[in-house]
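Overview (structure and organization)
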Amino acid sequence: MVGYIPPGNINLTVVQITITRGIRQALYFIFAFSTVEILFTFGVMRFVQWLSSEINLENTIDVVMVFMFGILGVLTWKSRKEMPKADYSKKDSIRYGMLLGIINPMQIPYWLFVGTYLISHEWIDIGYLSLSVFSIGSGVGAALALYGFARFAQYIQEKFALSSYIVNKSIALLFFALSAYHIGKITYIHWIK
């Protein structure tokens, strides 16, 4: 749950879906994303010790995040003037949730750090049953955090009558800011420090 509290591509997408498509579509997205989160968490936690020794993701994740936030910003910026379609099928939101669940680049470093910490302090066991329960808890926590974002977005939209234009423009600017942050981080690490 904690991993989805700071602004990122997933919770901002939930806000955008809630405002442009409605809470029902956001719930389909959250369900699909959380299901993938369960499977992904189990896989990464199962192999966390091997992954941490074999994969050096310091710079790779930052570069991927620059491109991902940049692309999400451009797509959101381009769609800011479009009126949302009145009819979305639940399959669209489910597919979108599964796709973002699979290509979410922040999951690997997050679970490498958290998983290594939890396993090294012997707070969780790496047996199949323990990791299954932990992974289900991770998926439920992600769903609860994202549901909170969806409800908050719905509340804000109702209280302030925000248009999808303003929301999409704001989310696009936040995506560009997050991309700029990662560019600044890469620049600082490689050329200034």
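Everything in this summary refers to the structure shown in the same document. Small disclaimer: the values here were computed from a predicted structure and weren't measured. (Residues numbered from 1 in each chain as written. Predicted model: local features only at pLDDT ≥ 70, side-chain atom pairs only at ≥ 80, totals over all residues. Heavy atoms only, no water.)

Description of the packing of helix α2 (residues 23-46) against helix α6 (residues 107-120)
The condition is simple: Think of each axis as a best-fit line through the C-alpha atoms, taken over the contacting stretch in the case of a helix, with angles from 0 to 180 degrees between the N-to-C directions. Only DSSP runs of H or I with at least four residues qualify as helices, and only runs of E with at least two residues qualify as strands; both kinds are numbered from the N terminus onward. Angles are sorted into four bins: roughly parallel if under 35 degrees, roughly antiparallel if over 145, roughly perpendicular if 65 to 115, and oblique for all others. The sense of a crossing depends on the near helix, which, turned anticlockwise from the far helix by less than a right angle, makes the crossing left-handed and, turned clockwise, makes it right-handed. A contact between two residues is defined here by any heavy atoms of the two lying within 4.5 Å. Residues were grouped as follows: Ala, Val, Leu, Ile, Met, Phe, Trp, Tyr, Cys and Pro as nonpolar; Asp, Glu, Lys and Arg as charged; and all remaining residues, including Gly, as polar.
Following both chains from N to C, one finds α2 and α6 inclined at 55°, their axes separated by 10 Å at the closest point. Here α2 is positioned oblique relative to α6, judged by the angle of their axes. Taken as a pair, α2 and α6 cross one another with a handedness that is right-handed. Where α2 abuts α6, its residues F33, E37, F40, T41, V44 and M45 lie against Q107, I108, W111, L112, G115 and I119. Across the contact of α2 with α6, the residue classes tally to eight nonpolar, three polar and one charged.

Some thoughts on the side chain of T20
Basically, it comes down to this: Under the rule applied, a polar contact is a pair of N or O atoms within 3.5 Å (in protein, one hydrogen donor and one hydrogen acceptor; residues adjacent in sequence only if both atoms are side-chain atoms).
Among the structural elements, T20 can be located in helix α1 (residues 9-21). At 2.7 Å, the side chain of T20 forms a polar contact with the backbone oxygen of Q16.

Observations regarding the packing of aromatic side chains
Stated formally: Working definition: rings of Phe, Tyr and Trp (its six-membered ring) pair if their centres are within 6.5 Å, and the pair is stacked with planes under 30 degrees apart, edge-to-face with planes over 60 apart, and tilted otherwise. To sort residues, take the accessible area from a 1.4 Å probe on protein chains only and compare it with the maximum for the residue type: under 20% means buried, over 50% means exposed, and anything in between is partly exposed. Geometrically, a lysine NZ or arginine CZ counts as sitting over a ring once it is within 6 Å of the ring centre and also within 35 degrees of the ring normal.
Counted by the stated rule, this structure contains three aromatic pairs. Centre to centre, the rings of F29 and F33 are 6.3 Å apart; their planes meet at 10°, and the pair counts as stacked. On the criterion of helical spacing, the pair formed by F29 and F33 is a turn pair, its members being four residues apart in helix α2. F33 carries the same exposure label as F29, and that label is buried. Accessibility expressed as a relative area gives 0% for F29, which makes it buried. Just above the ring of Y128 sits the side chain of R46; from NZ or CZ to the centre is 4.2 Å.

Observations regarding a nonpolar patch on the surface
The test is simple: For patches, a residue must show more than 30% relative accessible area and have no salt bridge; joins then use 9 Å for like charges and 5 Å for nonpolar side chains, namely Val, Leu, Ile, Met, Phe, Trp and Tyr. Accessible areas in this description were obtained via Shrake-Rupley with a 1.4 Å probe; residue shielding takes into account the shown protein chains only. The working definition used for a salt bridge is a side-chain nitrogen of Lys or Arg within 4 Å of a carboxyl oxygen of Asp or Glu.
There is a patch of nonpolar side chains on the surface, built from M1, I136, V140 and L144 and spanning about 380 Å² of accessible area. Note that V140 resides in helix α7 (residues 128-160). The exposure class of V140 is partly exposed, given its relative accessible area of 44%.

Some details on the environment of F69
Mapping F69 onto the fold places it in helix α4 (residues 58-78). In this structure F69 comes out as buried when scored by relative accessible area, which is 3%. A sequence separation of 111 residues divides F69 from A180, and the C-alpha atoms of the two residues are 8.9 Å apart. If we skip the residues at most four places from it in the chain, F69 touches G8, N9, F175, L178, S179 and H182.

So, α7
Just so we agree on the cut-off: A helix is expected to span 1.5 Å for every residue after the first.
With 33 residues, α7 should cover 48 Å at 1.5 Å per step; its first-to-last C-alpha distance of 47 Å lies within 8% of that length. Every buried residue of α7 is accounted for by L131, S135, S138, G139, G141, A142, A145, L146, A150, A153, Q154 and I156. Check the buried side of α7 and you find it contacts α1, α2 and α6.

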